[in-house]
Amino acid sequence: MAWPSNSPEAVSNEQWDDWQRRFADSDAEAGFEVTRDFVPFNQMNDMFTRAFWDPLVRTDDTDAFFASYRMEAAPRRAGGFSQKDFALRNAAWAISDIISDRSTAAGLREGFQGAIANDTPVAPMRADLGNPADETAEIKALARMFGADLVGITEIDERWHYTHRPDVRDMTPVANELPDGITHVIVMGHAMDFDLVETYPSALAGASTGLEYSHEAAISIQLAAYIRNLGNQAVASMNDTALVIPYAIKAGLGEYGRNQMVLTPEFGPRVRFSKIFTDLPLRADSPRKLGMATYCNECTVCADACPPKALPFDAAKVGSDSVSTVKGVKKWSADCEKCFGYWAKIKTDCAICMRVCPFNRRGGKTDEFWRCLALEHGARGRAMARKWHARKGMRARLKPSEWWARLKEGRNL
Ligand code: SF4
Ligand code: SF4
């Protein structure tokens, strides 16, 4: 079955009314404002996909960026960009790469431009799972046992599913399919290493991204295999198939920030997400109002720190000039072309806007006090938290040489 209708054209009144009936209440709880000109996103327009077919994005730099992940790194003298730094980054990606490479001959880049293929079939007999509340608690505990740091559950919402994905053999659009009968999404969060993130921007820091993609590939494959062994559908997914941010927010894991990331109470924006599409009868979580998006309204630390000035300074709004922004959703939208242009220039991913966010904290007593001030004492508390962060909270980038020195001494583990 093709899901959704594979038409990037305007949404019919019938479809819109159905979405309103099903999602208006939880959208309001989540703080989503979806307008009538909304259309589901076509993955062909995702920046990483455009870098392979769109002459407005593809350059020698973007080609070299991707090649640098495949043994064609271009080490340089700047700290954090040596051959050793690129080597660690690329090694961290290795498990994710094995999964994403294994079906490219069939046009799928699993985990990125296509869901992760099922390695095991669905068992012919369905296990007796008891009531949905118990089963939900058990599934969450198992997700954590496999290694997830956060887990939430929400109902399937096809608005966030890509209308098409690219066939990576020739970068043409093809149907984005899921099995029939999928009802829920299990969303898992994977916290990135604090110390590695402190070294952004650097190739070394990119190891924190690669590590979590490798972890999430393993964890989502394992949990999906468990569910299929119970006799239920389970499709493991990383960045493919659907936009994960709205799913993570609906599953109660965090709020949307100015830096385009989900801000979580536990790790701030320092987290990656994977998901499993399933027909297991589960109990959905509710979105949570945590106060972090409210803090973003008055903070521009991430936008100030962004080297190409790709993040917005003004209020969230509907739409942008870029085809890489989903249409008809009120939100902060980056200038994706500027952001990815910077990544291509430095030949590695950038997450300065993650590193500098005041909600990216290690988690000591002072951090807890700051968080309480920022989130639980209204406008006055937020103003004090902002002032405190500006005076005492800004951390300089950790020098990659210092990270390696600490590694030798066993201090950054
Ligand atoms: S740096 Fe400030 S504005 Fe940016 S995401 Fe974090 S809290 Fe929000
Ligand atoms: S990832 Fe880097 S370039 Fe992109 S928005 Fe964040 S700070 Fe700016």
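Residues numbered from 1 in each chain as written. Chains lettered and ligands numbered in written order. Predicted model: local features only at pLDDT ≥ 70, side-chain atom pairs only at ≥ 80, totals over all residues.

With an unreviewed UniProt entry as reference, the chain is termed 4Fe-4S dicluster domain-containing protein, source organism Profundibacter amoris.

Turning our eyes to something else, we now look at the overall build of the chain. Scanning the chain from terminus to terminus reveals 16 helices and 10 strands. What you see for the chain is a C-alpha radius of gyration of 21 Å, in line with the 22 Å of a compact globule of 413 residues. In terms of overall dimensions, the chain has a C-alpha envelope of 55 × 50 × 45 Å along the principal axes. Taken over 413 residues, the chain has a buried fraction of 45%. Taking contacts inside the chain between residues at least 6 apart in sequence as the whole, the part at least 24 apart equals 76%. (Helix = DSSP H or I, 4+ residues; strand = E, 2+ residues; numbered from the N terminus. Rg over C-alpha atoms; globule rule 2.2 N^0.38 Å. Buried ≥ 20, exposed ≤ 12 C-beta atoms within 10 Å, placed from the backbone. Contact = placed C-beta atoms within 7 Å.)

Here is a general trend for soluble globular proteins: nonpolar side chains tend to be buried in one another's company. Core analysis: the largest hydrophobic core is formed by 96 residues, its most contacted members being Ile-186, Val-187, Met-188, Ala-248 and Ile-276. In terms of residue count, helix H8 (residues 206–229) provides more of this core than any other element does, nine residues in total. (Core = buried A, V, L, I, M, F, W, Y, C linked by C-beta atoms within 7 Å.)

Let us now look at the pairing of strand E4 (residues 184–191). The element E4 is largely enclosed, with a buried count of seven among its eight residues. Pairing of E4 with strand E8 (residues 271–278) involves eight bridges; the strand directions are antiparallel. When the sheet's bridge partners are listed, Ile-186 is paired in E8 with Ile-276. (Pairing = 2+ DSSP bridges.)

Turning next to the site of ligand 2. Close contacts around ligand 2 come from Cys-306, Pro-307, Pro-308, Ala-310, Leu-311, Ala-334, Cys-339, Tyr-342, Cys-350, Ala-351, Ile-352 and Cys-353, and that covers them all. Secondary-structure elements contributing two or more residues to the shell around ligand 2 are helix H12 (336–346) and helix H13 (352–355). Class assignment for the residues of the shell around ligand 2 results in 12 nonpolar, no polar and no charged. (Near = placed C-beta within 6 Å. Nonpolar A, V, L, I, M, F, W, Y, C, P; charged D, E, K, R; others polar.)

Every residue near ligand 1 is listed here: Gly-257, Arg-258, Asn-259, Tyr-295, Cys-296, Cys-299, Thr-300, Val-301, Cys-302, Cys-357, Pro-358 and Phe-359. Those elements giving two or more residues to the shell around ligand 1 turn out to be helix H10 (292–297) and helix H11 (301–305). The class makeup of the residues in the shell around ligand 1 is eight nonpolar, three polar and one charged.

Sheet strands pair by backbone hydrogen bonding; their relative direction is either parallel or antiparallel. Strand order in the open sheet formed by four strands is E1-E4-E8-E5, and the pairing between neighbours is antiparallel. Looking at strand neighbours, the two that pair on one side only are strand E1 (150–155) and strand E5 (234–237), the edges of this open sheet. Direction aside, neighbouring strands of the sheet carry axes that sit 20° apart on average. Relative to E8, E5 runs antiparallel, the two being bridged by four bridges. Directly across from Val-235, in E8, lies its bridge partner Phe-277. In this fold helix H6 (residues 132–146) packs onto E1 and E4, with an angle of close to 140° to the strand it touches most, E1. Seen against the sheet, H8 touches E4, E5 and E8 and runs at an angle of roughly 20° to E8. (Axes fitted to C-alpha atoms, helices over the stretch in contact; angles between N-to-C directions.)

Two elements in contact, helix H5 (residues 94–101) and H8, have axes whose closest approach is 7 Å; the angle formed by their N-to-C orientations is 55°. Considered as vectors, H5 and H8 are oriented oblique to each other. As H5 packs across H8, the resulting crossing turns out to be left-handed. Residues Ala-94, Ile-95, Ser-96 and Ile-99 of H5 touch H8, and the partners they reach there are Gly-210, Tyr-213, Ser-214, Ala-217 and Ala-218. (Parallel < 35°, antiparallel > 145°, perpendicular 65-115°, else oblique. Left-handed = near helix turned anticlockwise from the far one by under 90°.)

Further remarks concern the pairing of strand E3 (residues 172–175). Inspection of the sheet shows strand E2 (residues 164–167) paired to E3 by four bridges, in the antiparallel sense. Within E3, the residue paired with His-164 across the bridge is Ala-175.

Now for the packing of H6 against H8. Contact geometry of H6 with H8 gives a least axis separation of 9 Å together with a crossing angle of 140°. When the axes of H6 and H8 are compared, the pair comes out oblique. Along this stretch, H6 crosses H8, giving a crossing that reads as right-handed. Within the contact between the two elements, H6 uses Leu-142, Ala-143 and Phe-146 and H8 uses Ile-219, Gln-222, Leu-223 and Tyr-226. Here the residues of the contact of H6 with H8 sort into six nonpolar, one polar and no charged.

Turning to its location among the elements, Ala-64 is positioned in helix H3 (residues 60–67). Sequence separation of Ala-64 and Ile-346 is 282 residues, and the distance between their C-alpha atoms is 10.0 Å. With residues up to four places along the chain from it excluded, the contact list for Ala-64 reads Ala-74 and Lys-347.

Within H12, the full set of buried residues consists of Cys-336, Cys-339, Phe-340, Trp-343, Ala-344 and Ile-346. Count one or two residues on from H12 and you reach Lys-347, which has phi positive near 65°.

Take Phe-81: it is sitting in the loop between H3 and helix H4 (83–92). Apart from the residues within four sequence positions on either side, Phe-81 is in contact with Pro-75, Arg-76, Ser-202 and Ala-203.

So, about the environment of Arg-288. Its location among the elements puts Arg-288 in the loop between E8 and H10. Each C-alpha atom of the pair Arg-288 and Gly-31 lies 9.3 Å from the other, and the pair is 257 residues apart in sequence.

Quick look at unusual backbone geometry now. At the junction of Tyr-200 and Pro-201, the peptide bond is cis and its omega measures out at 0° in the coordinates. With respect to the helices and strands, Pro-201 occurs in the loop between helix H7 (194–197) and H8. Positive phi is not limited to glycine here, since Lys-347 has a value of about 65°. Taking the C-beta count within 10 Å as the criterion, Lys-347 has 23 such neighbours and is therefore assigned buried.

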